[in-house]
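Observations on the model geometry
This is what each chain is made of:
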Amino acid sequence: MSAQEKTISGTVTSKADGLTLPGVNVIVKGTTNGVSTDFDGNYSINVAQNNTVLVFSYVGYKTLEASVGNSNQLNVQLDEDLAALDEVVVVGYGARKKSDITGSVSSIKSDEVTAFPVLDAQQALQGRAAGVAVQSNNGGEPGTPINVTIRGNTSINASSAALVVVDGFVGATYPQPGDIESVEVLKDASATAIYGSRGANGVILITTKKGRKGKMTIELNSNYAVQSTSNRLDLLDAGQFADYTRAINPSYTQGSANTDWQDLIYTTGYTTNHQLSFSGGSDNVNFYVSGNYFDQDGVVINSGFERFSFLSNIDAQINDKLKLGFNAFGSRSTKNGVSTQANSGGRGSGDVISIAYRFAPDLGVLDDNGNNTFNSVGDDIDNPFAVASERVDETFQDNYRANFYGEYEIIDGLTFKSTFGFSSRNQTRGQFTPSTLITSAGDQGGIAGIANLKNTNLLSENYFTYTREIGKGNLTLLAGYSYQKDKTLTNSAGAEGFVTNSVSYNALDTASTPLIPDSFISEFEIQSQYGRINYDYDDKYLITFTARRDGASNFAKNNKYAFFPSGALGWKVSNEDFLKDNETISNLKLRASYGVTGNPSIAPFQSLATLQSIYAVTGDQTVNAVVSGRPANPNLKWESSYQTNFGVDLGLWQNRASLSVDIYNIDTKDLIVGNSNTPEYTGFLNPNFLDNIGEINNRGVEITLSTRNIRTDDFSWSTDFNWSRNRNTVEKLFGSDVDFFLPSAAPGHFLQDETHILREGEALGQFFGYEYRGVYQGGELPEGTATFSGAVAGDELFTDVDDSGEISSSDRKIIGDPNQDWTFGFNNTFKYKNFDLGIFFQGAVGGDIYSFTLSELASGGSNATTEAVNAWSSTNTDTNVPSPATREKRMNSRFVFDGTYVRLKNLVLGYNLPQDITEKLGMDNVRFSLSGQNLLTFTDYPGTDPEVSYRASGSQNANVNQGFDYGNYPNIESLTFSVNLKF
């Protein structure tokens with residue numbers, strides 16, 4: 001320290017309750033010299049001898065400037081900023097003070113996103129915001145996609161996935177959790193209508209971290225996790241299996257092995273995740289740069305995911321009027337996949353998980369000749385260990401995004417911002433089934449295929465923002481134009497008949513039989529004009545009007561454009577004179593909104609007539625030909641959601657308790673559904689064409705409660721709770737005499753055409769089948785029941801709906817509802833000195849599950865669960881389990897289960913090194929933590945996990961194929977050690 005400097009120290013406390021504040025930024029005004037207060041609110045900083053001014057800033061408190069003077073001690077108190085009511089919340093094309101928001105918006109901060117290690121930020125949203133449902137497409141599979149929906153499924157054919165906007169780029173890839181500053185979830189029409197035709201499913205706005213003025217900060221976050229399967233099925237061992245099989249086929253001879261196939265395909269998984277970031281800035285330029293490495297070895301052998309990624313943000317204040325910025329993101333990933341969730345599991349096929357359940361346990365991996373075994377009962381399938389270890393399924397993907405913006409202040413209060421962004425995704429997937437998998441590819445001599453995808457996305461946003469004080473009010477006007485173009489190219493090739501298995505899919509030309517190649521191009525454009533008016537009068541009365549006009553090439557020539565308006569009102573009751581000085585109610589705001597949003601999420605060209613290729617014969621030659629595939633619909637248009645929302649925000653006792661309640665109703669009209677009314681004589685190969693012929697209603701309640709329960713100098717306890725309930729109803733289908741249809745989600749080898757129902761007056765996707773009534777004991781049937789023809793004692797008994805005396809397809813009925821009654825998230829955070837403890841529960845009540853897995857294992861054509869030990873026999877009649885027999889895999893209520901669950905999603909214990917130690921180490925902060933994920937799950941579901949998603953990927957599937965379980969990659973529980981270093 002020079003002679004002209006001195007050391008100033010002190011303590012920063014809260015003026016409201018006198019408690020010390022850790023992490024307060026203390027900066028010498030006009031310089032980059034700064035420090036942060038330690039856990040006890042203490043700081044120490046070197047300053048010049050003259051009248052230096054220190055600036056104290058802290059989230060949720062008003063910034064304070066204080067002169068040092070002649071003293072070496074400076075203690076300050078910060079005023080609460082009404083518990084962050086003036087916190088800035090990002091909304092579409094701008095930002096608003098949280099206290100001025102009129103729509104329904106949930107905010108999730110960076111510490112919540114990074115509360116426990118996850119592959120993608122979507123996973124971190126689960127349980128964090130009311131009304132937001134997060135579903136993995138395939139359990140804990142490394143690299144599996146995540147589906148996020150807001151306020152239920154609002155469509156049948158079009159996607160119900162929320163729109164993702166990252167740093168203004170619409171449809172962007174999620175950044176790494178450690179790069180996220182905040183997440184805003186826009187839920188009602190007032191908040192989402194600025195995105196017009198794409199706002200019907202809600203919008204997730206992600207803001208990544210940026211640099212700040214001051215010294216450069218270096219931060220390293222490292223996680224290492226050990227993972228295992230959270231649950232397994234109880235299956236018959238070799239002896240039990242032989243007894244069970246002989247009850248069906250007395251001539252069966254037991255094999256010599258006793259193999260637990262689950263033990264062979266499951267292993268201990270590992271995850272490492274390292275992120276290094278640099279941030280800082282000066283008066284004119286701020287920067288943030290990070291790099292991330294993620295590597296996961298899955299709990300199923302031969303499965304894994306590896307990814308490298310980077311993100312950079314640079315903002316430059318060129319002069320008093322012009323600001324420029326550049327954002328770039330990139331990632332490269334490799335996924336090693338294993339076959340799961342097979343759509344068909346018959347001879348020679350099937351996924352690793354389901355065949356591990358089905359495969360005979362009295363067989364080993366190799367037979368006496370050293371070849372892979374294949375099943376001894378039921379379908380001829382290769383053993384699961386061979387399929388998992390020898391089949392190749394690799395996906396390589398590159399994602400890049402760049403976004404440049406310029407913002408210019410034209411006159412005082414009027415700014416113009418222009419952004420130009422470009423993203424690309426390149427993907428290659430190679431698959432190879434070797435000839436050593438005898439039933440899968442032995443006859444073909446090996447099968448290989450390779451597929452490529454290239455997607456590019458171009459986005460330009462240009463908008464004016466004008467702000468002005470008008471009397472006691474503040475007016476903000478927004479007007480802009482947007483253009484976006486998306487293009488996708490795909491191609492694939494395959495071959496079979498390889499001399500050697502060593503070339504995998506990398507030498508298709510060496511195969512004897514090439515397969516038919518395929519290629520496709522898809523392209524669409526959206527151009528839009530949008531505007532918004534915000535006016536708040538006297539800091540009490542709030543008005544918001546939003547409108548957007550979208551034109552999209554997806555839709556037919558008669559309906560290329562549509563208009564999406566919304567309006568909202570807000571009243572800050574707590575700012576009225578009769579509540580202004582109330583000691584109990586510190587915040588009370590009422591909100592109401594109504595608006596229209598759209599959903600264009602169908603593939604391009606769906607309104608056009610198509611040609612379809614077929615094989616034809618000319619003379620004695622087979623030739624390619626085309627026929628009319630599908631008729632055109634020149635009137636196809638957007639699905640439109642008409643949404644009403646009423647909300648109240650309440651803060652008590654200086655906002656130590658904050659409550660938000662929202663009640664909403666969404667009527668989605670002009671649903672895009674396949675119309676099959678085209679007469680067959682017209683000659684179309686596929687008479688179905690998309691038409692606007694349906695309506696769905698979603699309605700619900702959302703509650704969010706945050707409390708600061710205890711806060712002393714050494715100890716604090718805070719709680720965050722959210723609860724949501726959504727009900728959906730199919731109001732209209734087809735617009736004719738047909739008021740229902742019956743889709744199928746069953747695996748192909750089940751030979752079932754119908755598994756659930758969409759019917760007017762009912763919820764989406766309810767299970768449809770026979771009501772199981774127990775076991776037929778022989779003799780006279782119990783009243784109201786019947787069996788299929790030829791039944792004997794020990795067979796299944798069902799409800800005779802039509803009183804015909806025999807079970808037929810007309811006896812089917814609704815047997816279960818996969819829609820959850822309500823969902824919740826419950827988080828508690830405790831802090832004692834340098835220690836902190838977080839306990840996060842998440843769960844759902846209701847939501848039935850139909851287990852194709854348990855149905856198949858009870859069909860008599862494979863291994864079975866230990867339930868079969870209690871099967872009906874002449875000496876064991878008091879049971880609900882039918883006698884051993886080979887039966888059809890009928891949809892029936894025996895395999896419908898309550899999906900209610902409560903899960904300990906995360907338990908974390910953390911420790912921060914004391915400030916005096918970190919200073920000696922030359923660091924700002926050192927933190928260690930030990931956490932566990934999915935450690936406990938409370939549920940009555942007898943399958944491996946209640947969060948199921950069989951055939952729920954894609955647009956239509958995600959909406960109606962709910963609650964089915966088959967061949968899912970298992971969910972995982974993890975134990976994670978983490979370290980955070982900040983310099």
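Residues numbered from 1 in each chain as written. Predicted model: local features only at pLDDT ≥ 70, side-chain atom pairs only at ≥ 80, totals over all residues. Heavy atoms only, no water.

Spatially, E3-E2-E5-E6 is the arrangement adopted by the four strands of the open sheet, whose pairing is antiparallel. Only two strands of the sheet have a single neighbouring strand rather than two, namely strand E3 (34-36) and strand E6 (64-67). Neighbouring strand axes in the sheet, compared pairwise and without regard to direction, differ in orientation by 20 degrees on average. Inspection of the sheet shows strand E2 (residues 25-28) paired to strand E5 (residues 53-57) by four bridges, in the antiparallel sense. (Pairing = 2+ DSSP bridges. Helix = DSSP H or I, 4+ residues; strand = E, 2+ residues; numbered from the N terminus. Axes fitted to C-alpha atoms, helices over the stretch in contact; angles between N-to-C directions.)

Strand order in this open sheet of five strands is E10-E15-E16-E13-E14, and the pairing throughout is mixed. Looking at the sheet topology across the chains shown, the edges are occupied by strand E10 (105-109) and strand E14 (169-170). Strand direction decides the pairing type here: E10 and strand E15 (residues 180-186), joined by five bridges, are antiparallel. Within the sheet, the bridge partner assigned to Val 105 lies in E15 and is Leu 186.

So, about the side chain of Gln 484. By secondary structure assignment, the location of Gln 484 is in strand E25 (residues 473-496). Accessibility expressed as a relative area gives 4% for Gln 484, which makes it buried. Polar side-chain contacts of Gln 484 include one of 2.9 Å to the side chain of Asn 457. (Buried < 20%, exposed > 50% of the residue type's maximum accessible area, 1.4 Å probe, protein only. Polar contact = N/O pair within 3.5 Å; in protein donor to acceptor, adjacent residues only side chain to side chain.)

In this section: empty space enclosed by the protein. Under the criterion given, the structure shown has seven cavities of 30 Å³ or more. The calculated volume of the second largest cavity comes to roughly 530 Å³. Lining the second largest cavity are 30 residues, and of these Gln 123, Gly 140, Asn 934, Asn 971 and Ile 972 lie nearest its centre. For the lining of the second largest cavity, the elements supplying multiple residues, two or more each, are strand E11 (132-136), strand E17 (214-229), strand E19 (285-297), strand E50 (925-939) and strand E52 (972-982). Partitioned by chemical class, the residues of the lining of the second largest cavity number 10 nonpolar, 16 polar and four charged. (1 Å grid on protein atoms, 1.4 Å probe; cavity = no way out; pocket = protein on both sides within 12 Å on 5 of 7 lines; lining within 4 Å. Points joined across faces, edges and corners; volume = space filled by probe spheres on them. Nonpolar A, V, L, I, M, F, W, Y, C, P; charged D, E, K, R; others polar.)

Let us look at the packing of aromatic side chains. What the rule picks out here adds up to 32 aromatic pairs. Geometrically, the ring pair formed by Trp 723 and Trp 822 is tilted, given 5.9 Å between the ring centres and 40 degrees between the ring planes. Of this pair, Trp 723 sits in strand E37 (residues 715-733) while Trp 822 sits in strand E45 (residues 820-832), and the two are 99 residues apart along the sequence. Judged by centre distance (5.1 Å) and plane angle (50 degrees), the ring pair of Phe 767 and Phe 964 falls under tilted. Note that Phe 767 is positioned in strand E40 (residues 766-769) and Phe 964 in strand E51 (residues 964-965), a separation of 197 residues in sequence. Classification of Phe 767 by relative accessible area gives buried; the value is 0%. (Phe/Tyr/Trp six-rings, centres within 6.5 Å; stacked < 30°, edge-to-face > 60°.)

Mapped onto the secondary structure, Asn 273 falls in strand E18 (residues 269-281). In this structure the side chain of Asn 273 is engaged in a polar contact, spanning 3.0 Å, whose partner is the side chain of Asn 292. Not counting chain neighbours up to four residues away, the residues in contact with Asn 273 comprise Val 118, Asn 221, Ser 222, Asn 223, Asn 292, Tyr 293 and Phe 294. (Contact = heavy atoms within 4.5 Å.)

As a working rule, side chains carrying opposite charge can pair if their charged atoms are close by. Tallied over the entire structure, the rule returns 35 salt bridges. Across the salt bridge formed by Asp 315 and Lys 210, the nearest N and O atoms sit 3.9 Å from each other. Residue Asp 315 is located in strand E20 (residues 304-317), and its partner Lys 210 is located in the loop between strand E16 (203-208) and E17; the two are separated by 105 residues in the primary sequence. The partner of Glu 576 in a salt bridge is Lys 540, with the nearest N and O atoms 3.6 Å apart. You can see Glu 576 sitting in the loop between strand E28 (561-572) and strand E29 (585-599) and its partner Lys 540 sitting in the loop between strand E26 (513-537) and strand E27 (541-552), a full 36 residues away along the chain. Its relative accessible area of 9% is what places Glu 576 among the buried residues. Because the salt bridges share partners, they merge into one network encompassing Lys 589, Arg 591, Asp 649 and Asp 662. (Salt bridge = Lys/Arg side-chain N within 4 Å of Asp/Glu carboxyl O.)

Tracing the chain through its elements places Phe 520 in strand E26. Overall, the relative accessible area of 47% leaves Phe 520 in the partly exposed class. Here the alpha-carbon distance between Phe 520 and Leu 453, two residues 67 residues apart in the chain, equals 9.5 Å. Every residue in contact with Phe 520, bar those within four places of it in the chain, is listed here: Thr 488, Leu 489 and Thr 490.

Together, Leu 477, Ile 533, Ile 543, Phe 545 and Leu 569 give the surface a local cluster of nonpolar side chains, amounting to about 420 Å² of exposed area. Relative to the helices and strands, Leu 477 is located in strand E25. You can call Leu 477 partly exposed: its relative accessible area is 32%. (Patch = residues over 30% accessible without salt bridge, like charges linked within 9 Å, V, L, I, M, F, W, Y side chains within 5 Å. Areas by Shrake-Rupley, 256 points an atom, 1.4 Å probe, with all protein chains shown as cover.)

Attention shifts here to the nonpolar core. Core analysis: the biggest nonpolar cluster contains 39 residues, and Val 183, Tyr 195, Ile 204 and Ile 206 have the highest contact counts within it. Looking at this core, the elements that each hand over two or more residues are helix H2 (121-124), E11, strand E12 (146-150), strand E13 (163-166), E14, E15, E16 and strand E24 (447-470). If we skip the residues at most four places from it in the chain, Val 183 touches Ser 106, Ser 107, Ile 108, Val 113, Leu 125, Ile 204, Leu 205 and Ile 206. Among the nonpolar cores identified, the runner-up in size contains 32 residues, and Leu 363, Ala 386, Leu 857 and Ile 972 belong to it. (Core = buried A, V, L, I, M, F, W, Y, C linked by side-chain atoms within 4.5 Å.)

Those residues of helix H4 (residues 238-248) that fall on the buried side of the exposure criterion are Ala 238, Phe 241, Ala 242, Tyr 244 and Thr 245. Down the axis of H4, the smallest arc covering the buried residues is 165 degrees, so these residues share one side. Its side-chain oxygen placed 3.2 Å from the backbone nitrogen of Gly 239, Asp 237 serves as the N-cap of H4. (Arc of directions from axis to C-beta.)

Next up on the list: the pairing of E45. In the sheet, E37 pairs with E45 via 10 bridges, with the strands oriented antiparallel. Among the inter-strand pairings, Ser 724 is bridged to a residue of E45, identified as Thr 823. Pairing of E45 with strand E46 (residues 835-846) involves 12 bridges; the strand directions are antiparallel. Its bridge partner lying in E46, Gly 825 is registered against Gln 842. Between the end of E45 and the start of E46, which pair antiparallel, lie two residues, with Lys 833 showing a positive phi angle near 50 degrees.

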